[in-house]
Amino acid sequence: MPITKLSDVIVPELFNPYVIKRTAELSALLQCGIITSDAEFDRLASQAAPTVNMPFFADLTGESEQIIEDADLAANKIESKKDVAAIIRRAKMWAATDLSAALAGKDPMEAIASLVANFWARDMQKELVAVLNGIFGTYTPAGESATAVTPLASNLLDISTKSAAADKVWSASSFIDAQQLLGDAQGQLMAVAMHSATWSYLKKQNLITTEHPSVDVSFDTYQGKRVVIDDGCPVTGTGSNSVFTSYLFGQGAIALGNGNPVGFVPTEIDRDKKKGSGVDYLINRKTMILHPRGVKFTNTNVAKTEGPSRAELKDAQNWLPVYEPKQIRIVAFKHKIGS
């Protein structure tokens, strides 16, 4: 009796592009516009180095001059600076026993690809939360007189440290205060990622609105901003002492590139013929950049030359802002929630 193997239903050259496409369709972060991807980011992610440089011109500063007859205008220069993104390399292997149900699907390759895409959509969300933990994290440099450093302190509002208990809890006004950190650029903020406990607290107060667009799936909003629920959003403490961190994002705040470096094999199938009746393996690899625009990855605390681990992405010592605070379209909001 013929046995259907993974090699019979998966064509690697077709499988990987389908997984990338399905991951984009499944990711709430991509769907709401927080993350943007284009061919240039894909090209950057395909480089062999562990980090890639993204030069940019700094904004023009200063004031205009009065025009005076026979007086020369002063020449001003435009400064060039450098943003740096880490190339993230990840892989996952599944055995055929984990995929056996998918083999019965109408289109086995499509069914398996959907399962794999769901995994990568969830994994990418975890990767982003690690990056956010890093850029809003705190570290103390070496030295006796060193003070604690938070790379993106300019874009962080922490109401959990206020003296009055009521002032520590999320409120409509404190949420507006968080947006105000971007000043006149706050209009760019269009989505908020929050822990499910925060979402439930707001939902109980009827502050969450569910939108039902005719051309898209339903989604929640708060103060007109699309809500992304992720329990990876940081929580410290327990019970009534729990402090939650929610994140506000502007359109395209995060750059995504799906790389395909020389010699890179994104999808492979293997088979162990000696195990029982044989075990099939599906190996899927990702090379990508998932970069907060305007916050340079310094590579200060990275052990492997291949690139950072997820724990290293969480390390605040590996990040340094290079854009002006208003131009970095991310805000962190630390708060408590009521009962």
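The coordinates are above.
The structure contained in this document is the topic of the report that follows.

## Some words on the overall build of the protein chain
Consideration 1: In terms of regular secondary structure, the protein chain is built from 9 helices and 17 strands.
Consideration 2: By residue count, 44% of the 339 residues in the protein chain fall in the buried class.
Consideration 3: Pairs at least 24 residues apart make up 75% of the contacts formed inside the protein chain by residues separated by at least 6 positions.

## Things to note about the pattern of salt bridges
Consideration 1: Under the defined criterion, the tally for this structure stands at 9 salt bridges.
Consideration 2: Residue Lys21 is joined to Glu25 by a salt bridge in which the shortest nitrogen-to-oxygen separation is 2.6 Å. Of this pair, Lys21 and Glu25 both sit in helix 2 (residues 12-26), 4 residues apart, which is roughly one turn of the helix.
Consideration 3: Arg271 is the partner of Asp280 in a salt bridge, and the nearest nitrogen-oxygen pair spans 2.7 Å.
Consideration 4: Judged by its relative accessible area of 30%, Arg271 is partly exposed.

## Some thoughts on the packing of aromatic side chains
Consideration 1: With the rule as written, the count across this model stands at 10 aromatic pairs.
Consideration 2: Centre to centre, the rings of Phe297 and Trp319 are 5.0 Å apart; their planes meet at 75 degrees, and the pair counts as edge-to-face. With Phe297 in strand 15 (residues 295-297) and Trp319 in strand 16 (residues 319-321), the pair connects residues that are 22 residues apart, well separated along the chain.
Consideration 3: Clustering of aromatic rings is evident, with ring pairs tying together Trp170, Phe175, Tyr222 and Phe333.
Consideration 4: The positively charged end of Arg226 is found above the aromatic ring belonging to Phe219, 4.1 Å away from the centroid.
Consideration 5: Between the NZ or CZ atom of Lys286 and the centre of the ring of Trp120, over which it lies, the distance is 5.9 Å.

## So, the environment of Trp170
Consideration 1: Relative to the assigned elements, Trp170 resides in the loop between strand 5 (156-158) and helix 7 (172-180).
Consideration 2: Residue classification places Trp170 among the buried positions, given a relative accessible area of 3%.
Consideration 3: Between the C-alpha atom of Trp170 and that of Lys334, which follows or precedes it by 164 residues, the distance is 8.6 Å.
Consideration 4: With near-sequence residues (within four places) excluded, Trp170 lies in contact with Ile159, Phe175, Val192, Met194, Thr198, Tyr201, Leu202, Tyr222, Ser246, Phe333, His335 and Lys336.
Consideration 5: Within the structure, Trp170 has its side chain in polar contact with the side chain of Tyr222 (distance 3.0 Å).

## Considering the pairing of strand 12 (residues 254-258)
Consideration 1: Within strand 12, 5 of the 5 residues are buried, which leaves it mostly tucked inside the rest of the structure.
Consideration 2: On strand 12, burial covers both faces: Ile254, Leu256 and Asn258 on one face and Ala255 and Gly257 on the other are all buried.
Consideration 3: Note: strand 1 (residues 35-37) against strand 12, 3 bridges, orientation parallel. Of the residues in strand 12, the one forming a bridge with Thr36 is Ala255.
Consideration 4: Examined bridge by bridge, strand 12 and strand 14 (residues 279-292) share 5 bridges and lie antiparallel to one another. Directly across from Gly257, in strand 14, lies its bridge partner Ile289.

Rules behind the numbers
- Residues numbered from 1 in each chain as written.
- Predicted model: local features only at pLDDT ≥ 70, side-chain atom pairs only at ≥ 80, totals over all residues.
- Heavy atoms only, no water.
- Helix = DSSP H or I, 4+ residues; strand = E, 2+ residues; numbered from the N terminus.
- Buried < 20%, exposed > 50% of the residue type's maximum accessible area, 1.4 Å probe, protein only.
- Contact = heavy atoms within 4.5 Å.
- Salt bridge = Lys/Arg side-chain N within 4 Å of Asp/Glu carboxyl O.
- Phe/Tyr/Trp six-rings, centres within 6.5 Å; stacked < 30°, edge-to-face > 60°.
- Lys NZ or Arg CZ within 6 Å of the ring centre and 35° of its normal.
- Polar contact = N/O pair within 3.5 Å; in protein donor to acceptor, adjacent residues only side chain to side chain.
- Pairing = 2+ DSSP bridges.

The analysis is restricted to geometry; functional conclusions fall outside its scope.
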